[in-house]
Each structure stands twice: as C-alpha cells, then as structure tokens.
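Given next are the chains, with one letter for each unit.
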Amino acid sequence: MYWIGALCHDGGMTAVDHVRLPDGRRLDLRVSGPGGGFPLVFHHGTPCAAVPIQALERAAHARGLRLVMASRPGYGASIPQPGRSVVDVAGDTAAVLAAIGADRCLIAGWSGGGPHALACGARLDATAAVLVIAGFAPCGAAGLDWMAGMGQENIAEFSAALRGEDQLRPYLIGEREQLKDVTAADVVTSLETLLPDVDRAVLTGEFGEDLAANFREAVRIGVEGWLEDDTAFTRPWGFGLEEISVPVMIWQGSADLMVPFSHGQWLASQLPGASVHLEEGEGHLSVVLGALDRMLDELVRAGSPL
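Think of each chain on its own: its residues are numbered from 1, step by step along the sequence as written. Totals for whole chains, interfaces and linings use every residue, but because this is a predicted model, local features are given only for residues with pLDDT of at least 70 and side-chain atom pairs only at 80 or more, for both listing and counting. Where side-chain values are given, they derive from all heavy atoms of the structure, hydrogens and water being excluded.

A. Representation of the pairing of strand S9 (residues 127–133) within the structure. Whether a residue is buried, partly exposed or exposed follows from its accessible area with a 1.4 Å probe, protein chains only, as a fraction of its type maximum: under 20%, in between, or over 50%, in that order. Secondary structure elements follow DSSP: runs of H or I no shorter than four residues count as helices, runs of E no shorter than two count as strands, and numbering proceeds from the N terminus. Of all 7 residues in S9, 7 are buried; the element is thus mostly enclosed. In terms of strand pairing, strand S8 (residues 105–110) meets S9 through 6 bridges, oriented parallel. Directly across from Trp110, in S9, lies its bridge partner Ile133. We call a crossover right-handed when, viewed with the strands running away from us, the connection from the first strand over the helix to the second turns clockwise. Considered for its hand, the β-α-β crossover made up of S8, helix H3 (residues 113–123) and S9 is right-handed. Only when DSSP finds a minimum of two bridges between them are two strands counted as paired. Of the strand pairs in this sheet, S9 and strand S10 (residues 248–253) are connected by 4 bridges, and their pairing is parallel. Bridge pairing in S10 places Val130 opposite Val248.

In structure tokens form, the structure reads like this:
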C-alpha cells in the first residue's frame, strides 16, 4: 500500500506533499505539470531536496511532462535510511511511480543525482531513458583518480567520507551551519573553491534563489541525507553499469570543480552506447542552464512515447 499526502489539483497541475512507503518511511514528494503528462523523475543533487528549480519545471512542463521529485532519505522531512546504497533508490522510485499511478517514466539526475539516475537505468523496469548531468562516477573505479580536479571543499568532504562516519558527521554538521540559513547572495561564498567563473556568472536571480532554497531544505532538520549520500557514493553502488540497457545521455562540463570532467569521460568510456556531450568551458551549474532545452529534447526523443 502507498499513501499520498496533500494531493491538490489546479488547472491541470498536480502537487504532492509526500508519499508513505510500504516499510513506513515517508518521502517528501513534489509532482507538478499536466496530470496526464509522461513522468520525468528528477533525482536532485547533494545536498538538495525536492525543491523546484523553476527553469527545470518550466522546461519540463513546456514539453508536456509531469515533473516528479522526491527528497532522498534524510533530506527535508524524508525519513533517513541509514546504510542505504545508491541502488536502493530504484525501489523507492518504483514506489513513487506506483503511488502516482505511472508505469513508465523518463529519469534524470544532476550531480549527486547522477548515480541514482544510473541505478534506475539498471534496476527500475519502468525506466524508458536516462539523463545524467554532471554526475559522479563510482569511487575506486579502475582508471579514474576520483578526487583529481575537485575543489578543495569537495576533497575535504569526501576525504572525511572515506575515513568513516565519525569523521564525516562532524564535518557536515559544521558545513550545515553555513547552509541552513543560506541566501542566494551567500551561495558563492559558501561554495568558494567549487565555482569557476562560468558558474559564478549564473548564480544570480531566480536560479541562485532556487539553489539556496534547495540547500536550506536539504539540511533543515539535520545532515542525515547528506551523510547517507556521501557514504553511498564512496562505497560500492550495488549495481553495474553493464546492467543498463535503456538509452543514456551524459552531459559534463570541462570546467566543473564539483564533479570533475574526468567523471563524465569515464562514464562515457563505460557506456559505449550512450549519447555523450562533453562540453568545453562549462561548469557544474552553467551546463544545466545553458543546455537544458537540448537535454530534455534528446531525452524525450529517446524515451518518451509522446
């Protein structure tokens, strides 16, 4: 049984507050767009939550898509799931789709959502196609220096993750102090070593506000989701990329200091059938805003029955 809370309708648009899963866990959930639209399940970054990126919502809705976003366990009011692996997202996504009455969907993931999108490509039968935007490659992968090219803040964070929870938890608690009340104006300072100039340039206006709102909601209650994500990224993901048989699109910017360019290159080398877009001069944020229409057009063509 799946229980959906706070379902409302407004001019063909739907919004959902949360879903209660069979094991009793609550996941924060946001569904927007045409009620009968083909679902696009978007896996958010780390640390983020099911808070809308308005540019993404507009682009999805313009294509007749129903945008589905769930806060991963431990983010917002989603109940934590200690010890979760990346692959566990496939089961949660299946439950979300069942709750909204969908049996097929498009999958996208940005940054920390990238591995989770790939997990759905491998283990979620409902997946029609997968879009990975600046997503991590597996930690410890042969031929990849995983932290090479990251900004200093990410090196410190993932070094703590590799040393274990007793090192990672206090580090993230300290970082939470910067993010729990962050404003758009503060984001550049809080991510100082992670933002090339091309990313700083897009952190203005609506997008900057949306990103700040995501950070605030992600850590509103604590750091459990962030800790669970980082731990999952630095351990075996629980599936192999060779399991993916649906169309995959990979987008990565060469100036990215959060998820280095080499991650996109490595994923491309392991997914020979993927449509690969390695964008020179783009960063972690700019690649999204600059290519969003092209990304969604290609994703719809690859996997949607529309």
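B. Examining the packing of helix H4 (residues 152–163) against helix H9 (residues 224–233) more closely. All axes here are fitted lines through C-alpha atoms, helices being fitted over the stretch that makes contact, and every angle between N-to-C directions spans 0 to 180 degrees. Interhelical geometry of H4 versus H9 gives an angle of 75° and a closest axis separation of 9 Å. Comparing their axes, H9 and H4 come out roughly perpendicular. For the pair formed by H4 and H9, the contact residues are Glu157, Phe158 and Ala161 on the first element and Trp226, Asp230 and Phe233 on the second. Only Asp, Glu, Lys and Arg are considered charged in this grouping, and only Ala, Val, Leu, Ile, Met, Phe, Trp, Tyr, Cys and Pro are considered nonpolar; every other residue, Gly among them, is considered polar. Taken together, the residues that form the contact of H4 with H9 break down as 4 nonpolar, no polar and 2 charged. Comment on the angle field: the value is read as roughly parallel under 35 degrees, roughly antiparallel over 145, roughly perpendicular from 65 to 115, and oblique elsewhere. Whether two residues are in contact is decided by their heavy atoms: any pair within 4.5 Å suffices.

C. Quick look at the nonpolar core. If you look at the biggest cluster of nonpolar residues, it comprises 104 residues, and the most contacted ones within it are Leu40, Leu106, Leu118, Leu131 and Phe239. Top contributing element to this core by residue count: helix H11 (residues 286–303), with 8 residues. Residues contacting Phe239, with those up to four places away along its chain left out, are Val86, Val87, Pro115, Leu118, Ala119, Ala122 and Arg123. Throughout, nonpolar core names a set of buried Ala, Val, Leu, Ile, Met, Phe, Trp, Tyr and Cys residues whose side chains join them through atoms within 4.5 Å.

D. Main features of the packing of helix H2 (residues 88–100) against H3. It is the contact of H2 with H3, at a shortest axis distance of 8 Å, that shows an interaxial angle of 75°. Here H2 lies roughly perpendicular to H3, going by the angle between them. Every residue of H3 that contacts H2 at Val89, Ala90 and Thr93 is listed here: His116, Ala119, Cys120 and Arg123. Classifying every residue of the contact of H2 with H3 gives 4 nonpolar, 2 polar and 1 charged.

E. Structural view of empty space enclosed by the protein. Using only the protein atoms, space was sampled on a 1 Å grid; points where a 1.4 Å probe fits but cannot get out form cavities, open sets with protein on both sides within 12 Å along at least five of seven lines form pockets, and lining residues are those with an atom within 4 Å of a point. Grid points are joined across faces, edges and corners, and a volume is the space filled by probe spheres set on the points. Applying the stated criterion across every chain, the model contains 5 cavities of 30 Å³ or more. Empty space within the largest cavity amounts to approximately 370 Å³. What lines the largest cavity is a set of 27 residues, and nearest its centre among them are Thr46, Pro47, Leu191, Phe215 and Met258. Of the volumes computed, that of the second largest cavity is approximately 120 Å³. Taken together, 15 residues form the lining of the second largest cavity, with Leu27, His43, Ala70, Val89 and Thr93 sitting closest to its centre.

F. Quick look at the layout of surface pockets. Of the pockets and cavities examined, the largest pocket occupies roughly 200 Å³. Of all elements in the fold, only H4, helix H5 (165–179) and H9 reach the threshold of two or more residues within the lining of the largest pocket. When residues of the lining of the largest pocket are assigned to their parent elements, the largest contribution, 4 residues, is made by H9. Split by residue class, the lining of the largest pocket holds 5 nonpolar, 4 polar and 6 charged. Of the voids in this model, the second largest pocket is the one considered here, and its volume is about 160 Å³. In this structure, the second largest pocket is lined by Pro138, Cys139, Arg235, Pro236, Trp237, Gly238, Phe239, Gly240, Leu241, Glu242, Trp266 and Gln270.

G. Main features of the pattern of salt bridges. Put simply, a salt bridge is a Lys or Arg side-chain nitrogen that is within 4 Å of an Asp or Glu carboxyl oxygen. As enumerated under the stated definition, the model contains 18 salt bridges in all. The residue Asp229 makes a salt bridge to Arg72 at a minimum N-O spacing of 2.8 Å. Within this pair, whereas Asp229 is found in helix H9, its partner Arg72 is found in the loop between strand S7 (65–70) and H2, the two being separated by 157 residues in sequence. Note on accessibility: Asp229 and Arg72 belong to one class, buried. When the shortest N-O distance is used, the salt bridge between Asp229 and Arg84 registers 2.9 Å. Placement of Asp229 in helix H9 and of Arg84 in the loop between S7 and H2 is noted, with a sequence separation of 145 residues between them. Exposure remark for Asp229: the relative accessible area of 0% places this residue in the buried category. Several salt bridges share partner residues, and in doing so they unite Arg72, Arg84, Glu228 and Asp229 into one network.

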